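Listed here are the chains, written in short residue letters.
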Amino acid sequence: EDPDELAVLEEIQQELILQEQLVIEEYERSLQFDEECLNAMLDGLDASDKVICPVCRKNNLTVRSHFVFCQCGLYISTQGMTEEKLRSLLENTVTEHSHRCFHNPEFTVTSGMEEEASLLMSCPV
């Protein structure tokens, strides 16, 4: 065998080993990123006392005894409201709707001439 051919083959083998190591390192970085994302999602689920705004579906609602509000502009006066009570009301209403309709309801804030703002659930169908 030609020594030059052996040198070329060894060089190719070293390149392949290096490429394999780079692929393994990239895979490990990807796994670490996936794990960090999963942990962040699980941390968000642990914050179970929060209620997501049914209007914008992005922000958490701030619930106080006398009002409920969101960064999106939702502001409703309440009496004796808690996050647990509000979550239960929303879940029960959406569940009741889902027994009769397969479409997702939409929420808006309404106010009449003399009425205070109210949260209205409606179905697009």
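Procedures and definitions
- Residues numbered from 1 in each chain as written.
- Predicted model: local features only at pLDDT ≥ 70, side-chain atom pairs only at ≥ 80, totals over all residues.
- Heavy atoms only, no water.
- Helix = DSSP H or I, 4+ residues; strand = E, 2+ residues; numbered from the N terminus.
- Buried < 20%, exposed > 50% of the residue type's maximum accessible area, 1.4 Å probe, protein only.
- Contact = heavy atoms within 4.5 Å.
- Areas by Shrake-Rupley, 256 points an atom, 1.4 Å probe, with all protein chains shown as cover.
- Salt bridge = Lys/Arg side-chain N within 4 Å of Asp/Glu carboxyl O.
- Pairing = 2+ DSSP bridges.
- Phe/Tyr/Trp six-rings, centres within 6.5 Å; stacked < 30°, edge-to-face > 60°.
- Patch = residues over 30% accessible without salt bridge, like charges linked within 9 Å, V, L, I, M, F, W, Y side chains within 5 Å.
- Polar contact = N/O pair within 3.5 Å; in protein donor to acceptor, adjacent residues only side chain to side chain.

In the annotation of an unreviewed UniProt entry, the chain is listed under the name RPA-interacting protein and assigned to Nipponia nippon.

**Details of the overall build of the chain**
What the chain contains, in helices and strands, is two helices and five strands. The secondary structure elements of the chain, listed N-terminal to C-terminal, are α-β-β-β-α-β-β. Out of the 125 residues in the chain, the part that is buried amounts to 15%. At a minimum sequence separation of 6, the contacts of the chain that also span at least 24 residues come to 27%. Of the roughly 10,100 Å² that the chain leaves accessible, carbon and sulfur atoms contribute 54%.

**Some points on the pattern of salt bridges**
Under the defined criterion, the tally for this structure stands at two salt bridges. Salt-bridge contacts for Arg-29 lead to Glu-26; the nearest nitrogen and oxygen are separated by 2.8 Å. Pair noted here: Arg-29 and Glu-26 are both in helix H1 (residues 3-46), with a separation of three residues, about one helical turn. Take Arg-29: its relative accessible area is 47%, and that puts it in the partly exposed class.

**Some points on the sheet that holds strand S3 (residues 75-77)**
Here we have three strands laid out as an open sheet, ordered S1-S2-S3, and antiparallel in their pairing. Taken across any chain shown, the strands that pair with only one partner, and hence form the sheet edges, are strand S1 (62-63) and S3. For S1 and strand S2 (residues 67-69), the ladder comprises two bridges, and the chain directions are antiparallel. Its bridge partner being in S2, Val-63 is matched across the sheet by Val-68.

**Topic: the packing of aromatic side chains**
Counting across every chain of the model gives three aromatic pairs. Here the aromatic rings of Phe-67 and Tyr-75 are separated by 5.7 Å at their centres, their planes lie at 15 degrees, and the arrangement is stacked. Between Phe-69 and Tyr-75, the aromatic rings sit 6.5 Å apart at their centres with planes inclined by 25 degrees, giving stacked as the arrangement. Since its relative accessible area comes to 43%, Tyr-75 is described here as partly exposed.

**Quick notes on a nonpolar patch on the surface**
There is a patch of nonpolar side chains on the surface, built from Leu-6, Val-8, Leu-9, Ile-12 and Leu-16 and spanning about 440 Å² of accessible area. As for its placement among the helices and strands, Leu-16 is situated in helix H1. Overall, Leu-16 belongs to the exposed group, its relative accessible area being 51%.

**A look at the side chain of Thr-78**
Relative to the elements of secondary structure, Thr-78 occurs in the loop between S3 and helix H2 (83-100). Exposure remark for Thr-78: the relative accessible area of 14% places this residue in the buried category. Polar contacts involving the side chain of Thr-78 include one to the main-chain amide nitrogen of Phe-67, which spans 3.1 Å. With residues near it in sequence (within four places) discarded, Thr-78 still touches Arg-64, Ser-65, His-66, Phe-67 and Val-68.

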